[in-house]
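The primary structure of each chain is shown beneath.
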Amino acid sequence: MRSTDKTKFSLAFGETLYKHRSRANMANMTYTDEAGIGENTLINWEKGRCLPRLEVLIAAAKPFGLKGWELYKEVEEMYARKKARASNGVRVDKADKGRGNDRGRNRR
C-alpha cells in the first residue's frame, strides 16, 4: 500500500470508529476503558494519524458488539467509496467527513 493510500485508509478507519462511537453515544473515556486503550491512542486513530495492530483492532471492535473483521470490513468499504469518488473527480476532503470537526480552524 502506498503512503498516500495508507493515510487515506487511516482516515477511513478514524471516521468509521468515530461513527460507531457517536451512534453508541459513547464518551472517549468510556470507549477507551472498554477497549483497553489510551485516550491519546483513540484521538490519533480518529484523526487518521495511525492504525491499530490486528490484536488491538479486535479489542477496538468489542465495545460496539462487533468482531475485528467486521470493523475492518466497514473501513475497507468506506475507503473504497472514497477512492471511487476521488477517481470520478469528486473532491473528498475534511468537510466530506460530516462530523463537524474543527481541525485547522482557530489556529494562530
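The structure displayed is predicted, hence computed values, not measured ones.

(A) Representation of unusual backbone geometry. Residues other than glycine seldom take positive phi values, yet Asn25 does so here, at roughly 50°. Along the chain, Asn25 falls in the loop between helix 1 (3-23) and helix 2 (28-35).

(B) Inspection of the packing of aromatic side chains at higher detail. All chains considered together, the criterion is met by four aromatic pairs. When the centroid spacing of 5.6 Å and the interplanar angle of 80° are considered together, the rings of Phe13 and Trp45 count as edge-to-face. Taken together, the residues Phe13 in helix 1 and Trp45 in helix 3 (residues 39-46) connect sequence positions 32 residues apart. A single burial state applies to Phe13 and to Trp45, both of which are buried.

(C) Expanded view of the packing of helix 4 (residues 54-61) against helix 5 (residues 68-87). Here helix 4 crosses helix 5 at 95°, and the two axes come no closer than 7 Å. The orientation of helix 4 with respect to helix 5, classified from their angle, is roughly perpendicular. The residues of helix 5 that touch helix 4, namely those facing Leu57, Ile58, Ala60 and Ala61, are Gly68, Leu71 and Tyr72. Of the residues assigned to the contact of helix 4 with helix 5, the class counts are six nonpolar, one polar and no charged.

(D) Inspection of the nonpolar core at higher detail. Of all hydrophobic cores here, the largest spans 20 residues; its most connected members are Phe13, Leu17, Tyr31, Ile37, Trp45, Phe64 and Leu71. Elements with a contribution of two residues or more to this core: helix 1, helix 2, helix 3, helix 4 and helix 5. Contacts of Phe13, omitting those with residues within four sequence positions, involve Trp45, Leu51, Pro52, Leu57, Leu71 and Val75.

(E) How the structure looks around the environment of Thr32. Tracing the sequence through the fold places Thr32 in helix 2. With relative accessibility at 6%, the residue Thr32 sits in the buried group. Taking the C-alpha atoms as reference, Thr32 lies 9.2 Å from Pro63; in sequence the two are 31 residues apart.

(F) Region of interest: helix 1. For helix 1, which comprises 21 residues, the first-to-last C-alpha distance of 30 Å matches the rise-based estimate of 30 Å (1.5 Å per residue) to within 8%. Close packing links the buried residues of helix 1 with helix 2, helix 3, helix 4 and helix 5. Two residues or fewer past helix 1, Asn25 is found with a positive phi of approximately 50°.

(G) Representation of the pattern of salt bridges. Per the stated rule, a full pass over the model turns up four salt bridges. Ionic pairing is found between Glu15 and Lys82, a salt bridge with its closest N-O pair at 3.5 Å. Of this pair, Glu15 sits in helix 1 while Lys82 sits in helix 5, and the two are 67 residues apart along the sequence. In this pair, the class of Glu15 matches that of Lys82, namely buried. One salt bridge in this structure joins Lys19 and Glu74, with 3.3 Å as the shortest N-O distance.

Conventions and cut-offs
Residues numbered from 1 in each chain as written. Predicted model: local features only at pLDDT ≥ 70, side-chain atom pairs only at ≥ 80, totals over all residues. Heavy atoms only, no water. Helix = DSSP H or I, 4+ residues; strand = E, 2+ residues; numbered from the N terminus. Phe/Tyr/Trp six-rings, centres within 6.5 Å; stacked < 30°, edge-to-face > 60°. Buried < 20%, exposed > 50% of the residue type's maximum accessible area, 1.4 Å probe, protein only. Axes fitted to C-alpha atoms, helices over the stretch in contact; angles between N-to-C directions. Parallel < 35°, antiparallel > 145°, perpendicular 65-115°, else oblique. Contact = heavy atoms within 4.5 Å. Nonpolar A, V, L, I, M, F, W, Y, C, P; charged D, E, K, R; others polar. Core = buried A, V, L, I, M, F, W, Y, C linked by side-chain atoms within 4.5 Å. Expected span 1.5 Å × (residues − 1). Salt bridge = Lys/Arg side-chain N within 4 Å of Asp/Glu carboxyl O.

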